[in-house]
Amino acid sequence: MQDPFNILVAGVGGQGNLVCGRVLAEAAVQSGLRPVVGDTFGASRRGGSVLTHLRIGKTDWGPLIPKGEVDILLGLEPLEALRAAAKFAGERTVAIVSQTKIPTVASNNTPIEYPAVEQIIGSLNDLCKHVIVLDAEETLTQLGSMKMLNSYILGAMGSAPQTPLSLEAIRESLESLFGSKSVNMAAFDEGAKVEQ
Amino acid sequence: MSGNEAIARGAIEAGVAFCASYPGTPSTEIATTLQKNAKEYDIYVEWSVNEKVALEAAAGASWAGIPALCSMKSLGLNVASDFLLNLNLSGTGKGGLVIVVCDDPRGHSSSNEQDSRFYAKAAQIPLLEPSTYQEAKDIVPFAFQLSQKYEVPVLIRSTTRLSHSRGLVTMGEDLKHIWAARQLPENLFNVPSPHLKHKDLLDKMERISEDFDNSSWNTKPTSKDVDLLIISSGISRRYSEEAIHLLNAKNIDIVNLVTTYPLPRKIIIDAVKKTRRVLFSEEINPFVEEEVRSLALELDEIPEFYGKKTGAVPDFGEMSTDVMMDVIEKIMKLKFNRREQIKSDILIPRPLTFCAGCTHRNFYWAVRKVRKRVKDKLVVAGDIGCYSLGVFYDRAMTTMQAMGSGIGVASGLGQLGRFGFDSKVLAVAGDSTFFHACIPGLINAKHKGANLTFVILDNETTAMTGFQTHPGAAHQEADQKRVKIEEVVKAIEPDFYARSNAIDIPKLVDLLHSTINKDGLKVLLLDSVCRLEVARREPAIDGIAFRINSDLCKGDKCLICVHDFACPAISWDKAVGHPVILDQLCVQCGACVAVCPHDAIKEERA
């Protein structure tokens, strides 16, 4: 395993990020590794961009991933994934990105046009080594809500060959947070079926 | 645990029994964590009305022999500083008093970028800066011992990245201690000879510097042949270590300082003597840098210094591994291939905004309407809270500085009619801010007859920092008594007072317009709604949805609801040619119904 192994989670508003960071950190501890998780929150709750930096290693590393050093980028939102990739992606970066967009709002009365998702994915392909696009909307709406995207994306990450943590370790960590009966577990299992 | 949780855990292991705080990012979780553990460890924890009161309350406890912790954000220490710069001379008694201040480099959640370490120098009190999660916990018992030994307040400084990131911490023993209050010591004042108290304090600081030299908190250089010595403090230690690792640089060593004021002189002198070049790695200001540079004047040979003073390190913004790599590359003339940040023209910004259904948006919408009616002759003196986002909302807010400064600034502007100032003056504050710092300004405005309108947006909780209780909050703890804003305002007897709500937009526009046209001191108390707080306490209403009627909507000829009102739950849909309501974000507040000039937004019931 690359030490540190760096996972960056990009999202909007915060909750999805916090769950991903918490679950992966716990899975790392259970796997005998030392995680360091840094979140940017605070004012970000008011609909802003949120990044979670997760470093996994045998020793503690700093709370911010240096530029170019991301191993896995989890994009809970396409535009935010691109924003994170433009700043932090490098030669090793595998991006796992949900294609479901969260629109931006106007700033100071100035309208802003959200770019086409295909264009965003195209740019991500230029910036990263490999991009896995998730189309989770139908599955998650059937399961109950898009809010479970975090569990779904963790499933997709767990079955990616680059992931240093086992699918079982991530699943157990998610289960200890939500309970075995939670529909989040179903979302995770659906995510794990995604073709890499 | 996070850096903040580690600090709280350290306080428990130190036997803390009293905690007073005012919430502020990135410090809030320290008191929140102690509050969660209050029952188990028999700790008294309060959210005080402001940081000055918090520090005063904590000092009272310490004087009575009860170990007390007082945590706050950077700006909070400004509020508490008046008391701190007296308490340092008076002493803190036997209990022990530890102040934790969390600075916010880059101002992620702050209105300035302030280095609070200068308060340690101004007050001549010891300063400790943990650089790891483990140290964040371990330093607190040490801080209490130091405070108890010398009877001085001890300042612990953290920054956002330590406070808000998490790592593994090995816990120590629980210390369950039954504390009994003792008689207060004598002479808890500095007159008639503050200068002699000052001298006593300086003598204590001399001894503390020696203690720091003999302590094991600071690292020493491990190698003999050091080409570049980095003196780091706080979380910058990790950035420095990782930069050396990634650059694979040789002959660089680190002295990490945890006891940063007063400096551990011997450690510094010994380390600096062995090298030709010294690089400083610290967050915000060149605090350690300036101290070390002035200490180095005692040396026969002064090394070359690189830091924020010399321009080698950026003197604003956050530190990071990337910053340290750039700096070391330049000094050591190394080359490390890194991909530069890529600019993408499709990368549109995602501005901060009010939550869907937040009534602050309704209020600023009303301000915008009224501003048009008075032909732009309106200034809005703003304040600190969620409603500060008004600065991004059509620039609805004109000024925004410190807690309580909206009404203070307005009380000055409200006197300028005599000089021909012809704009209406509006001050805005939230409920927690009202109690924190608005009451003196409001009384000043009343007493001096300032011509202004003061609007209190009362959502009955400290929403910005995570719903802490305050004197006017709707939900009080069992032993707390609610203080009603309305009663406080009425007691001040403004020339005009009205209570209304920020839900009904047309009514709000008319009330605001008629109020600012009156003379004298006008106060509006607006019942407001924090949707996050509601969602925390009440289940969502099913069966109601809002829809935009495509026959009535004027599509891209209007766009008022999308671009001007800018609720996150309303989005332009290219495919259908008109805006749509996003059900997963909509909280069914219905505010947009009144905003649409074409009556195209309707409530539907399933």
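Calculation rules
- Residues numbered from 1 in each chain as written.
- Chains lettered and ligands numbered in written order.
- Predicted model: local features only at pLDDT ≥ 70, side-chain atom pairs only at ≥ 80, totals over all residues.
- Heavy atoms only, no water.
- Core = buried A, V, L, I, M, F, W, Y, C linked by side-chain atoms within 4.5 Å.
- Buried < 20%, exposed > 50% of the residue type's maximum accessible area, 1.4 Å probe, protein only.
- Helix = DSSP H or I, 4+ residues; strand = E, 2+ residues; numbered from the N terminus.
- Contact = heavy atoms within 4.5 Å.
- Expected span 1.5 Å × (residues − 1).
- Pairing = 2+ DSSP bridges.
- Right-handed = clockwise from strand over helix to strand, strands pointing away.
- Axes fitted to C-alpha atoms, helices over the stretch in contact; angles between N-to-C directions.
- Phe/Tyr/Trp six-rings, centres within 6.5 Å; stacked < 30°, edge-to-face > 60°.
- Buried area = accessible area lost by both parts, 1.4 Å probe.
- Salt bridge = Lys/Arg side-chain N within 4 Å of Asp/Glu carboxyl O.
- Nonpolar A, V, L, I, M, F, W, Y, C, P; charged D, E, K, R; others polar.
- pLDDT = per-residue confidence, 0-100.
- Lys, Arg positive; Asp, Glu negative; His and termini not counted.
- Polar contact = N/O pair within 3.5 Å; in protein donor to acceptor, adjacent residues only side chain to side chain.
- Parallel < 35°, antiparallel > 145°, perpendicular 65-115°, else oblique.
- Left-handed = near helix turned anticlockwise from the far one by under 90°.

Draft legend 1. Seen up close, the nonpolar core. Counting residues in hydrophobic clusters, the biggest one holds 114 residues, and the most contacted among them are Leu34, Leu69, Leu77, Ile231, Leu279, Val292 and Ile328 of chain B. Ranked by residues supplied to this core, first place goes to helix 7 (residues 133–150) of chain B with nine residues. Ignoring sequence-local partners within four residues, the contact set of isoleucine 231 of chain B consists of Val255, Leu257, Val272, Val278, Leu279, Phe280, Ser281, Val288 and Val292 of chain B. Core analysis: the second largest hydrophobic core is formed by 77 residues, Ala106 of chain A together with Leu452, Cys553 and Cys561 of chain B among them.

Draft legend 2. Geometry of helix 9 (residues 194–214) of chain B. Residues and elements named next belong to chain B. Between its first and last C-alpha, helix 9 extends 31 Å over 21 residues, near the 30 Å set by a 1.5 Å rise per residue. Residues Leu201, Lys204, Met205, Ile208, Ser209, Phe212 and Asp213 constitute the buried set of helix 9. Contacts from the buried residues of helix 9 go to helix 5 (74–90), helix 6 (118–123), strand 5 (127–128), helix 7, strand 10 (259–261) and helix 11 (265–273).

Draft legend 3. Highlighting unusual backbone geometry. In the segment running from aspartate 3 of chain A into proline 4 of chain A, the intervening peptide bond is cis, with an omega of 0°. In this fold, proline 4 of chain A is placed in the segment before strand 1 (5–12). Despite not being glycine, aspartate 599 of chain B shows a phi value in the positive range, around 55°. Tracing the chain through its elements places aspartate 599 of chain B in the loop between helix 21 (591–595) and strand 21 (601–605).

Draft legend 4. Region of interest: the pairing of strand 6 (residues 154–159) of chain B. Residues and elements named next belong to chain B. Counting buried residues in strand 6 gives six out of six residues, a clear majority hidden from the surface. Along strand 6, one buried face is formed by Val154, Ile156 and Ser158 and the opposite face, lined by Leu155, Arg157 and Thr159, is buried too. Note that strand 4 (residues 97–103) and strand 6 share six bridges and pair parallel. Across the sheet, aspartate 103 pairs through a bridge with threonine 159, a residue of strand 6. Bridge count between strand 5 and strand 6: two bridges; the pairing is parallel. Note that in strand 6 the partner of leucine 128 across the bridge is isoleucine 156. In this view, the connection linking strand 5 to its parallel neighbour strand 6 by way of helix 7 has right-handed handedness.

Draft legend 5. Structural view of the sheet that holds strand 15 (residues 452–458) of chain B. Residues and elements named next belong to chain B. Read from one edge to the other, the open sheet built from five strands follows the order 13-14-15-17-16, with strand pairing classed as parallel. Edge positions in the open sheet fall to strand 13 (378–381) and strand 16 (496–501), since each of these has one partner strand only. Neighbouring strand axes in the sheet, compared pairwise and without regard to direction, differ in orientation by 20° on average. The sheet contact formed by strand 15 and strand 17 (residues 521–527) spans seven bridges and is parallel. If you follow phenylalanine 454 over to strand 17, its bridge partner there is valine 523. Those strands touched by helix 18 (residues 505–516) are strand 13, strand 14 (424–430), strand 15, strand 16 and strand 17, and its axis lies near 165° from that of strand 17.

Draft legend 6. Summary view of the packing of aromatic side chains. Residues and elements named next belong to chain B. One pass over the full model with this rule turns up twelve aromatic pairs over all chains. Aromatic pair tryptophan 365 and phenylalanine 565: ring centres 5.4 Å apart, planes at 90°, arrangement edge-to-face. Of this pair, tryptophan 365 sits in helix 14 (residues 359–373) while phenylalanine 565 is found in helix 20 (residues 560–565), placing the two residues 200 residues apart along the sequence. For tryptophan 365, a relative accessible area of 4% puts it in the buried group.

Draft legend 7. Region of the structure containing the pairing of strand 11 (residues 277–281) of chain B. All names here are of chain B. With five of five residues buried, strand 11 lies mostly within the body of the structure. Neither face of strand 11 is exposed, since Arg277, Leu279 and Ser281 on one face and Val278 and Phe280 on the opposite face are all buried. With four bridges connecting them, strand 8 (residues 228–233) and strand 11 associate as parallel partners. For serine 232, the partnering residue across the bridge sits in strand 11 and is serine 281. Where strand 11 lies against strand 12 (residues 304–306), three bridges are found, and the strand directions are parallel. Looking at the pairing, arginine 277 lines up with glutamate 304 of strand 12.

Draft legend 8. Here's a closer look at the sheet that holds strand 3 (residues 49–57) of chain A. Pairing is mixed across the open sheet formed by seven strands, whose spatial order is 6(A)-5(A)-4(A)-1(A)-3(A)-2(A)-7(B). On the outer flanks of this sheet lie strand 6 (130–134) of chain A together with strand 7 (165–166) of chain B, each paired with one strand and no other.

Draft legend 9. Looking closely at the interface of chain B and chain A. Every contact between the two is made by 56 residues of chain B and, on the other side, 58 residues of chain A. Roughly 5,100 Å² of surface becomes buried between chain B and chain A when both sides are summed, with 58% attributable to carbon and sulfur atoms. If you look at where chain B meets chain A, you find four salt bridges. The closest approach of N and O atoms between arginine 55 of chain A and glutamate 242 of chain B, which form a salt bridge, is 2.5 Å. Mapped by element, the contributors of at least two residues to the side of chain B that touches chain A are strand 7, helix 10 (236–247), helix 13 (321–332) and helix 20 of chain B. With five residues, the single largest contributor to the side of chain B that touches chain A is helix 10 of chain B. Among the residues making up the side of chain B that touches chain A, the classes are represented as 27 nonpolar, 16 polar and 13 charged. Summarising the sheet, strand 2 (residues 34–39) of chain A and strand 7 of chain B pair through two bridges and their orientation is antiparallel. Looking at strand 7 of chain B, one finds that valine 37 of chain A is bridged to arginine 166 of chain B.

Draft legend 10. Fine view of the confidence of the model for chain B. On average, residues of chain B score 95 in pLDDT, and 99% of them are at 70 or above. Confidence estimates for the predicted assembly give a pTM of 0.96 and an ipTM of 0.94.

Draft legend 11. Broad picture of the side chain of glutamate 51 of chain B. Residue and element names in this part refer to chain B. As for its placement among the helices and strands, glutamate 51 is situated in helix 4 (residues 51–63). Although buried, glutamate 51 forms no salt bridge, and the nearest oppositely charged side chain, lysine 73, lies 8.1 Å from it. Of note is the side chain of glutamate 51, whose polar atom sits 2.7 Å from the side chain of histidine 436. Leaving out residues up to four positions away in the same chain, glutamate 51 has contacts with Tyr22, Met72, Gly76, Val79, Ala80 and His436.

Draft legend 12. The environment of serine 500 of chain B, seen in detail. Residue and element names in this part refer to chain B. Tracing the backbone through its elements, the reader meets serine 500 in strand 16. Using a relative accessible area of 11% as the deciding quantity, one classes serine 500 as buried. Taking the C-alpha atoms as reference, serine 500 lies 6.4 Å from leucine 525; in sequence the two are 25 residues apart. Ignoring anything within four residues of it in the chain, the contact list for serine 500 reads Lys507, Leu511, Leu525, Leu526 and Asp527.

Draft legend 13. Broad picture of the packing of helix 1 (residues 15–30) of chain A against helix 6 (residues 167–178) of chain A. Residues and elements named next belong to chain A. Running from N to C, helix 1 and helix 6 point in directions that differ by 120°, and their axes come no closer than 8 Å. Of the possible angle classes, the one that applies to helix 1 and helix 6 is oblique. The two elements helix 1 and helix 6 cross, and the hand of that crossing is right-handed. Where helix 1 approaches helix 6, its residues Val19, Arg22, Val23, Leu24, Glu26 and Ala27 are matched on the opposing element by Ala169, Ile170, Ser173, Leu174, Leu177 and Phe178. Grouping the constituent residues of the contact of helix 1 with helix 6 by class yields nine nonpolar, one polar and two charged.

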